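Chains, contacts and geometry: an overview
This is what each chain is made of:
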Amino acid sequence: MRLCAALTALSLLASCTTTYAIPKPELTRLDGFRDENAALMRELGDVMLNRVTERKRTVMDVEGQAHQFTSDTPLALARGSAQADTEFQRFIQVGVDGDRFRGVPLEGSTSSTTAPPVVVAMSEVDHARLREFSLGKTLLLTGTIGVALMGSLVMVSKLFKPTTGSDGDRPGGVIDLGPTPRLTY
């Protein structure tokens, strides 16, 4: 039973997201991205100086499909074959120039301090990977698992013989457990 529950949870997590490849030139669209909640104090200075700050950025994948990048969007940098890829992280601040990608991860950041930035040379980056949640796939998988469970319960119930011996005042079957034990003295 635990194995079935673990497999169900694993399949739900695997199908809830879709990963898209983002070409290296599209990363420059993320330059200047900042999250308002994590960088509130710095943002106040930007507002007073009349600087524009955006909370969303749009990037295109390799197939030309647009995707919204926010601080809730997991992003990983795919490096060349000799180096390990960066892990998926959510970023509260991103800076991209011709030389490097610099992102401040959401994990480990508090209102008073920020996590150490992830800095990767752009010459090492092959492309980026963006992960999006897919509600349609999640509902489809959950519904399929539910139908399969209900179907298996119906099939198991068909394996048992129907009960017999119903009384007139109790419709349905009565399970006969054999003779009733009696106390003897």
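For clarity, every value in this text was computed on a predicted model and none was experimentally measured.

Counting buried positions over the five residues of strand 5 (residues 75-79) gives four, a clear majority of the element. Direction of pairing for strand 5 relative to strand 9 (residues 125-133): antiparallel, over a ladder of five bridges. Its bridge partner lying in strand 9, Ala 78 is registered against His 127.

Position of Asp 61 among the secondary structure elements: in the loop between strand 3 (57-60) and strand 4 (66-69). As a buried residue without a salt bridge, Asp 61 has its nearest oppositely charged side chain in Arg 29, at a separation of 11 Å. A polar atom in the side chain of Asp 61 sits 2.8 Å from the backbone nitrogen of Gln 65. Side-chain polar atoms of Asp 61 contact the side chain of His 67, separated by 3.0 Å. For Asp 61, the contacting residues outside a window of four places in its chain are Tyr 20, Ala 21, Ile 22, Pro 23 and His 67.

What follows deals with the sheet that holds strand 5. If you walk across this open sheet you meet the three strands as 1-9-5, and the pairing is antiparallel. Each edge of the open sheet carries a strand with a single partner, namely strand 1 (17-23) and strand 5. The average angle at which neighbouring strand axes cross in this sheet is 30°, direction not considered.

Quick notes on the rules
Residues numbered from 1 in each chain as written. Predicted model: local features only at pLDDT ≥ 70, side-chain atom pairs only at ≥ 80, totals over all residues. Heavy atoms only, no water. Buried < 20%, exposed > 50% of the residue type's maximum accessible area, 1.4 Å probe, protein only. Helix = DSSP H or I, 4+ residues; strand = E, 2+ residues; numbered from the N terminus. Pairing = 2+ DSSP bridges. Lys, Arg positive; Asp, Glu negative; His and termini not counted. Salt bridge = Lys/Arg side-chain N within 4 Å of Asp/Glu carboxyl O. Polar contact = N/O pair within 3.5 Å; in protein donor to acceptor, adjacent residues only side chain to side chain. Contact = heavy atoms within 4.5 Å. Axes fitted to C-alpha atoms, helices over the stretch in contact; angles between N-to-C directions.

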